[in-house]
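# Remarks on the overall topology
One-letter residues, chain by chain:
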Amino acid sequence: MTARKRKESVSWRKSIHGRRAIGYILTFALLVPLGVAFVLPFIVMVSTALKPLNQVFAFPPRLIPETVQWENFADGWYGYGYVNFTTCTWNSLKITINNIIGNVVSCTLAAYAFARLKARGKNFFFAIVLATMLLPNEALVVPQYVLFNRFGWLDTHLPLMVPPWFGWPFFIFLLRQFFLTIPEELVDAAKIDGAGHARILLQIFIPLSKPALATLAIFAFIGNWNNFFGPLLYLRTPDVQTLPVCLVQYQGAYGNTEWHLMMAVATIAVIPVLLIFVFGQRYFVEGIATSGVKG
Amino acid sequence: MMRRFSRPISASARREERIFYLFILPWLIGLVVFSAGPVFGMLGLSFTDWRISLDDLQFIGLDNYAKLFDDPIFWTSVGNTLYIVVGRVVFGVSFALLLAVLLNQKVPGIAFFRAVYYLPTVTAGVAVALVWIWIFNPRLGILNYSLKQIGIQGPPWIFSKTWVKPSLILMSMFSVGPIMIILLAGLQGVPKELYESAEIDGAGLWAKFRNVTLPMLSPVLFFVIIISVVSSFQNFTEIRVMTEGGPGESSNVLIWYLWENAFIFLQLGIAAAVAWIMFVVLMVLTGAQFWVGRRWVYYEADTG
């Protein structure tokens, strides 16, 4: 005990002798420029979105526009009949919300089963969850395309909106890890009161797992809002497109000339993700840390 | 005594089992219909002359694989993918480690910096890929302008065959958020006592990092390397929005090769063969991850 105390006081004294101050300065000397680099793409995006066209191509590039042209946002949004951003945003929102709910419901059920129920074959099935956790959807896309073609689902939102109701291994794993930390005594007490598994899940696990469920919902929001591969693959007609595809169509049509308008619509597309991130940041970081370390 | 009780217990156990399967049913159906089914379907289709319609398929054995291995563009795309994988692992992971070490310092405002560093990861998508085209603009972009200020003539970035892959690697270094956070959590899990005893032995900063941090972090590092390899297979958005595999074939990576064959050239049999190869590679990587993970857990239990 005393040896340990002495050890601590030695390192404490050492650090007080200028070491800590130098450490602070060094750390900030790296933290701040890196932070600037990380926000720079956004600054470029927003500042270009606010410039009149003739300033976009001005050299040297200015990060703060000389004159601010707010109309760019409306002009980009409504400027061309060919790409309808209002429809695209509405579609993106509809798909994203549906997919969040689908993922939360299906993954909660599976995670509860894997965390708390005993059954033969459980280890086998959980091994499959782990094995498929890192598998990106890109590797399955060719046969899935055939499948959805067979179902007659092409050019509808169904290929994007139905699979989320059937679980997602990464989310199941994440929630299971969280469910394992809920004290067994709570479950036992509820069982004595005669509660079935549905009630235990609804009245104990879900209320206690709000942070984990929030993490999952945020991940699902960002993943679906940014999803580009799926919509590009399954959707054809303009009425059903989502926001990322709209942006690319806009790029194809006007991208090389109307940079200010394109950056304006890109800014609008990023805002929801930014808001979600700012408000859900805490959950986000915890969720990822869980997946990596306890895995 | 045992006998009398064994019956009701097993009945409730059976009930629990039924609930278990009921609860995992959605996932199980999804697995069969959307993952396992397609994977094996893909294997089957890779042995056929499948182009557009599924009717009237001819079994052609390994012809698709033979054609694939004869296609120089396939090997170019394998080479490009490996280039990007190595670049992302070497530069991306070491950069993420640097960020994690910085974020592990006890200085005020660290949560703010953590959020800022994570930000580009959540916004990675079409919108930000569009911004990067502008950043990479050789004449007017902010990147070459900044380089010029410090006296460096910047390269043409994504518009040049030599620089397009380094450009994509550089860009991916802005979205190392998840890797950074996993490494940060790993760093925070290193027992303080190890650093204290290293200090008593007179270890400096580098020696502590080299002899305590890195060995303790190695399983997490391995996990993170696997994740960054897997995500290197998923870089479709940047390629589609920024380069379309070009200039020439210089940024044609496997996922782009698959996309072009499947949905542009309508060579679906060949695309299925590519997809199957990708699937096997990814499964081997996942297997390696768990093999190493298990060994690590064992080691921990042994000594701790």
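Residue numbers here run from 1 along each chain, matching the order of that chain's written sequence. Following the order in which they are written, the chains are lettered starting with A and the ligands numbered starting with 1. With pLDDT at 70 or above as the cut-off, local features in this predicted model cover only qualifying residues; side-chain atom pairs require 80 or more to be listed or tallied, and sums for whole chains, interfaces and linings still use all residues.

## Overview of the overall build of chain A
- Each helix and strand in chain A was counted, giving 14 helices and zero strands.
- When the helices and strands of chain A are read in sequence order from the N terminus, they spell out α-α-α-α-α-α-α-α-α-α-α-α-α-α.
- Across the 295 residues in chain A, those meeting the buried criterion constitute 40%.
- Within chain A, residue pairs in contact and separated by at least 24 positions form 77% of the contacts whose partners lie at least 6 positions apart. A helix here means a DSSP run of H or I that spans at least four residues, while a strand means a run of E at least two residues long, and both kinds are numbered starting from the N terminus. Buried, partly exposed and exposed are defined by the number of other C-beta atoms within 10 Å of a residue's own C-beta, namely 20 or more, between the two limits, and 12 or fewer respectively, with C-beta atoms placed from the backbone. C-beta atoms are placed from the backbone for every residue, and two residues are taken to be in contact when these atoms lie within 7 Å.

## Observations concerning the domain arrangement of chain A
All names here are of chain A.
- When its domains are assigned, chain A resolves into domain 1 (2–69) and domain 2 (74–293).
- Domain 1 puts seven residues into the contact, and the matching count from domain 2 is six residues.
- At the level of secondary structure, the elements contributing two or more residues to the side of domain 1 that touches domain 2 comprise α1 (2–50) and α2 (53–56).
- Top contributing element to the side of domain 1 that touches domain 2 by residue count: α1, with four residues.
- As a working rule, the residues Ala, Val, Leu, Ile, Met, Phe, Trp, Tyr, Cys and Pro are called nonpolar, Asp, Glu, Lys and Arg charged, and the rest polar, with Gly in that last group. Residue composition of the side of domain 1 that touches domain 2, grouped by class: five nonpolar, one polar and one charged. Throughout, the edges of the domains are those of an automatic or database domain assignment.

## With respect to the interface of chain B and chain A
- Contacts between chain B and chain A engage 76 residues on the former and 76 residues on the latter.
- When residues of the side of chain B that touches chain A are assigned to their parent elements, the largest contribution, 20 residues, is made by helix α1 (residues 2–45) of chain B.
- When grouped by side-chain class, the residues that make up the side of chain B that touches chain A number 60 nonpolar, 11 polar and five charged.

## Considering the confidence of the model for chain B
Residue and element names in this part refer to chain B.
- A residue's pLDDT is simply how confident the predictor is in it, with values from 0 to 100. Chain-level statistics for chain B give a pLDDT mean of 83 and a share of 92% at 70 or above.
- Taken element by element, chain B is modelled with least confidence in helix α13 (residues 268–303), mean pLDDT 73, and with most confidence in helix α7 (residues 164–172), mean pLDDT 93.
- Within the model, the stretch residues 1–7 combines pLDDT values under 50 with zero contacts to residues more than four positions away or in other chains.
- pLDDT under 50 marks residues 297–304. Its contacts with residues more than four places away, or in other chains, come to zero contacts.

## Describing helix α6 (residues 142–149) of chain B
- Those residues of α6 of chain B not exposed but buried are Ile-142, Leu-143 and Asn-144 of chain B.
- Of the residues flanking the end of α6 of chain B, it is Gly-151 of chain B, one or two places downstream, whose phi is positive at about 80 degrees.

## Points about the environment of Thr-76 of chain B
- Tracing the chain through its elements places Thr-76 of chain B in helix α3 (residues 72–103).
- Residues in contact with Thr-76 of chain B, not counting those within four places in the same chain, are Glu-249 and Asn-252 of chain B.

## Side note on the domain arrangement of chain B
- Domain assignment breaks chain B into domain 1 (1–36) and domain 2 (63–303).
- Computed from C-alpha atoms alone, the centre-to-centre distance between domain 1 of chain B and domain 2 of chain B is 41 Å.

## With respect to unusual backbone geometry
All names here are of chain B.
- Non-glycine residue Glu-244 carries a positive phi angle of around 50 degrees.
- Its place among the elements puts Glu-244 in the loop between α11 (236–243) and α12 (254–264).
- Positive phi is not limited to glycine here, since Leu-266 has a value of about 55 degrees.
- Examined against the element boundaries, Leu-266 turns out to sit in the loop between α12 and α13.

## Re the nonpolar core
- Nonpolar cores are built from buried Ala, Val, Leu, Ile, Met, Phe, Trp, Tyr and Cys residues. These are joined into a set through C-beta atoms within 7 Å. The biggest cluster of nonpolar side chains holds 154 residues, and the ones touching the most others in it are Ile-172, Leu-247 and Ala-266 of chain A together with Val-131 of chain B.
- Ranked by residues supplied to this core, first place goes to helix α14 (residues 259–293) of chain A with 13 residues.
- Ile-172 of chain A has contacts with Cys-107, Ala-110, Ala-111, Phe-114, Val-129 and Gly-167 of chain A together with Trp-27 of chain B, leaving out every residue within four places of it along the chain.

## A few points about α3 of chain B
- Given a rise of 1.5 Å per residue, 32 residues ought to cover 46 Å, and the 45 Å separating the end C-alpha atoms of α3 of chain B matches this to within 8%.
- Note that the bend at a residue is defined as the angle between axes fitted to the seven residues ending at it and the seven residues starting at it. A maximum bend of about 25 degrees is found in α3 of chain B at Arg-88 of chain B. The span you would expect from a helix comes to 1.5 Å times its residue count less one.

## So, the packing of α3 of chain B against α7 of chain B
Residue and element names in this part refer to chain B.
- It is the contact of α3 with α7, at a shortest axis distance of 9 Å, that shows an interaxial angle of 40 degrees. When the axes of α3 and α7 are compared, the pair comes out oblique. As α3 packs across α7, the resulting crossing turns out to be right-handed. Contacts from Asn-80, Tyr-83, Ile-84, Gly-87, Arg-88, Phe-91 and Gly-92 of α3 reach α7 at Lys-165, Leu-168, Ile-169 and Ser-172.
- Residue composition of the contact of α3 with α7, by class: five nonpolar, four polar and two charged. In this analysis an axis means a line fitted to C-alpha atoms, helices contributing only their contacting stretch, and an angle means the value between N-to-C directions, from 0 to 180 degrees. Should an angle fall under 35 degrees it is called roughly parallel, over 145 degrees roughly antiparallel, and 65 to 115 degrees roughly perpendicular, with every other angle called oblique. The crossing is said to be left-handed when, going from far helix to near helix, the turn is anticlockwise and less than a right angle, and right-handed when the turn is clockwise.

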